Amino acid sequence: MAHVDQKIEGMYQEVLKRNPGETEFHQAVLEVLESLGPVVSKHPQFLERKIIQRICEPERQIIFRVPWQDDKGEVQINRGFRVEFNSSLGPYKGGLRFHPSVYLGIIKFLGFEQCFKNSLTGLPIGGGKGGADFDPKGKSDDEVMRFCQSFMTELYRHIGEHTDVPAGDIGVGGREIGYMFGQYKRITNRYEPGVLTGKGLTWGGSLVRTEATGYGATFFVNEMLKARKDSFAGKTCLVSGSGNVAIYTIEKIHQLGGKCVACSDSNGIIYDEKGLDLELIKQIKEVERRRISDYAKTHKHAKYIAGGNIWDIPCQVAMPSATQNEINGKDAATLVKNGCIAVGEGANMPTTPEGVKVFLDAKIAYGPGKATNAGGVATSALEMQQNAGRDSWTFEYTEKKLEDIMVNIHRNCFETAEEYGAPGNYVVGANICGFIKIANAMVAHGLV
Ligand code: GLU
């Protein structure tokens, strides 16, 4: 607690007391609160109006039963969540995660981060997150459909284009959004594309949404490198994960002249010295929904390391794109020792507090998730704009908008860090910049 301003320390203790056992939520709150000391000194009205205490308490939390039948006819019960965190800048916006590790603490950490991330995009979206402890791994397509339909049968009453707009996250992609959209449409008898984002291209989706988180994260790292008079050209890169974020991070790194040599899934890592064959990865993961180990069956020169640690491989740029807390203090130290000069987080909170400290102390370019991976939700907001205008934009136009948004986020974080006496510290820049906009809107809206 040494780093938290005295005025704020009591607020953090209160969060611990009010939310027992939610360790990921505590971690996400502490990381933001550590940055806010200088902000409350400069803006005493935020203390008077108890803005920090209010931001840490979600506006609404919904927990519900999701019953469904598996292919054998057996009844299954899961737990569904939607945490509507903050609506001061727009309707609640944020993804749905389907993963066995999901519980309230995970959804609250994600929802909390989402508020600041969405604020950073500069677009009119509040923060929320949801999901279920459903494990899509090994489930048939029919089982996934039945689960999504049951999930939406409860969720539909809480969402809407002006209320709350869910999208994907881990375990929820285009297929799941399709099933949920179908069920929403059926229950409400409304063709309301603006209620979900990440939709298919023929029924209200936006070009570039699939690529957006990975492309955006790579644009952000590119800006961090540019600020240090450097670039991706010739850099050896690591991208953990092999889902949607990882795949399009690898694609953009390759387009910008970097060489990505490894990616992973929860079973192991693929190391390909020649540079990853992205078409093969897309075939394995997007088309066949198989494990990444299959890569080495086709490409004999590549190594599959079961249970390996991707961060042991020397690189200059690391982009963690799998899940929370995947880089610990030791991994961070290994990366720095092996010559890593830039880290951009495609996943949400992938680095532990110890790891973050290592990166900041080493003064490498470190882009925290809430800034670096904001391109996904930003493009969701662009999808909402197209839906509202009954319009659809070209790939080039949408990608340019995404790039401009990421360049802006980088500039705002960079300048805010300087203004608050922490030059080069994107953690401070992102937290303060994201917070101030929400706090000002909350003051303007009065005590609600
Ligand atoms: N789940 C993504 C995120 O973490 C995207 C959310 C959205 O598009 O609403 O930001």
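If you're wondering where the values come from, they're calculated on a predicted model, not measured in any experiment. (Residues numbered from 1 in each chain as written. Predicted model: local features only at pLDDT ≥ 70, side-chain atom pairs only at ≥ 80, totals over all residues. Heavy atoms only, no water.)

Brief notes about the overall build of the protein chain
What counts is decided by this rule: Only DSSP runs of H or I reaching four residues or more are called helices, and only runs of E reaching two or more are called strands; each is numbered from the N terminus. With the radius of gyration taken over C-alpha atoms, the globule rule is written as 2.2 Å times the number of residues to the power 0.38. Any two residues whose heavy atoms approach within 4.5 Å at even a single point are treated as in contact. All accessible areas in this document rest on Shrake-Rupley with a 1.4 Å probe, and a residue is counted as covered only by the protein chains that are shown. By the counting scheme adopted, Arg and Lys are positive, Glu and Asp are negative, and His together with the chain ends is not counted. To locate a charge, take atom NZ for lysine, CZ for arginine, CG for aspartate or CD for glutamate.
Of the regular secondary structure elements, the protein chain holds 18 helices and twelve strands. Rg of the C-alpha trace for the protein chain: 21 Å, near the compact-globule value of 22 Å for 448 residues, within the 12% margin. Summarising its shape, the C-alpha atoms of the protein chain cover approximately 60 × 55 × 45 Å along the three principal directions. Taking as baseline every contact in the protein chain between residues at least 6 positions apart, the subset at least 24 positions apart corresponds to 72%. Element-wise, carbon and sulfur atoms account for 50% of the exposed surface of the protein chain, whose accessible area totals about 18,000 Å². In the protein chain, which carries 52 positive and 53 negative side-chain charges, the distance between the mean positions of the two groups comes to 1 Å.

Side note on the pairing of strand 8 (residues 268-271)
The test is simple: Two strands make a pair as long as DSSP finds a minimum of two bridges between them.
Pairing geometry for strand 7 (residues 259-264) and strand 8, over three bridges, is antiparallel. Within strand 8, the position partnered with Ser-264 by the bridge is Ile-269. Counting the residues between successive antiparallel strands, the hairpin from strand 7 to strand 8 contains three residues. Examined bridge by bridge, strand 8 and strand 9 (residues 303-306) share four bridges and lie antiparallel to one another. Note on strand 9: the bridge partner recorded for Tyr-271 is Lys-303.

Things to note about the site of the ligand
Formally: Here a residue is considered near a molecule or strand provided that any single heavy atom belonging to it is located within 4 Å of it. We define a polar contact as two N or O atoms separated by no more than 3.5 Å, with the added condition that, inside protein, one atom must be a possible hydrogen donor and the other a possible acceptor, whereas residues neighbouring each other in sequence contribute only through side-chain atom pairs. Put simply, Ala, Val, Leu, Ile, Met, Phe, Trp, Tyr, Cys and Pro go in the nonpolar bin, Asp, Glu, Lys and Arg in the charged bin, and everything else, Gly too, in the polar bin.
Taken together, 14 residues are adjacent to the ligand, and Lys-93, Lys-117, Gly-168, Asp-169 and Ser-380 come closest. Residue Lys-129 places a side-chain N or O atom 3.0 Å away from an oxygen atom belonging to the ligand. In the model, an oxygen atom of the ligand is placed 2.6 Å from a nitrogen or oxygen of the Ser-380 side chain. For the ligand, whose unbound accessible area comes to 300 Å², protein coverage reaches 95%. At the level of elements, strand 3 (92-98), helix 6 (104-120), strand 5 (164-168) and helix 16 (375-388) are the ones that each hand at least two residues to the shell around the ligand. Here the shell around the ligand is composed, by residue class, of two nonpolar, seven polar and five charged.

Some thoughts on the environment of Phe-414
The condition that has to hold: Each residue gets one of three labels from its accessible area relative to the maximum for its type: buried under 20%, exposed over 50%, partly exposed in between, using a 1.4 Å probe on protein chains only.
Relative to the helices and strands, Phe-414 resides in helix 17 (residues 395-419). By relative accessible area, which is 28% here, Phe-414 ends up partly exposed. Distance from Phe-414 to Val-29, taken between C-alpha atoms, is 21 Å for residues 385 residues apart in sequence. Non-local contacts of Phe-414, meaning those with residues more than four positions away in its chain, are made with Ala-227 and Tyr-426.

As for the sheet that holds strand 6 (residues 236-239)
This is how it is decided: Axis definition: a line fitted to C-alpha atoms, over the contacting stretch in the case of helices. Angles run 0 to 180 degrees between N-to-C directions.
With mixed pairing, the seven strands of this open sheet are ordered in space as 9-8-7-6-10-11-12. Looking at which strands have only one partner, the edges of the open sheet turn out to be strand 9 and strand 12 (365-367). Between one strand axis and the next, the sheet turns by 15 degrees as a mean value, whatever way the strands run.

So, unusual backbone geometry
Of all residues except glycine, most have a negative phi; of all peptide bonds, most are trans. Positive phi outside glycine occurs at Lys-229, with the angle close to 55 degrees. For Lys-229, the location among the structural elements is in the loop between helix 9 (209-227) and strand 6. Within the chain, Arg-289 stands out as a residue other than glycine whose phi angle is a positive 50 degrees. As for its position among the elements, Arg-289 is in the loop between helix 11 (278-287) and helix 12 (294-298).

Digging into the packing of helix 10 (residues 244-255) against helix 11
When two helices pack together, you describe them by how their axes are tilted relative to each other and by the distance separating the axes. Selection rule: Our angle categories are set so that under 35 degrees counts as roughly parallel, over 145 as roughly antiparallel, 65 to 115 as roughly perpendicular, and the remainder as oblique. Here a crossing is taken to be left-handed if its near helix is turned anticlockwise relative to the far helix by less than a right angle, and right-handed if that turn runs clockwise.
Between helix 10 and helix 11, the shortest axis-to-axis distance is 11 Å and the interhelical angle comes to 165 degrees. With respect to each other, helix 10 and helix 11 are oriented roughly antiparallel. When the axes of helix 10 and helix 11 are compared, the crossing they make is left-handed. Across the interface between the two elements, Ile-247, Tyr-248, Ile-250 and Glu-251 from helix 10 touch Leu-278, Ile-281, Lys-282, Lys-285 and Glu-286 from helix 11. Residues that form the contact of helix 10 with helix 11 fall into these classes: five nonpolar, no polar and four charged.

Description of the packing of aromatic side chains
Note the following rule: Whether two aromatic rings pair depends on their centres lying within 6.5 Å, for rings of Phe, Tyr and Trp, where Trp uses its six-membered ring; planes under 30 degrees apart make the pair stacked, over 60 edge-to-face, and the rest tilted.
Per the counting criterion, the structure on display carries 20 aromatic pairs. Note on Phe-98 and Phe-151: the rings are 5.2 Å apart at their centroids and 70 degrees apart in plane angle, and the pair reads as edge-to-face. Of this pair, Phe-98 sits in strand 3 while Phe-151 is found in helix 7 (residues 141-155), placing the two residues 53 residues apart along the sequence. Phe-151 matches Phe-98 in its accessibility class, with the two residues each being buried. Centre to centre, the rings of Tyr-215 and Tyr-248 are 6.3 Å apart; their planes meet at 65 degrees, and the pair counts as edge-to-face. Here the residue Tyr-215 occupies a position in helix 9, and Tyr-248 occupies one in helix 10, the gap between them amounting to 33 residues. By the burial criterion, Tyr-215 is buried, and Tyr-248 matches it. Connected via pairs of aromatic rings, a cluster forms that spans Phe-64, Trp-68, Phe-98, Phe-134, Phe-147 and Phe-151.

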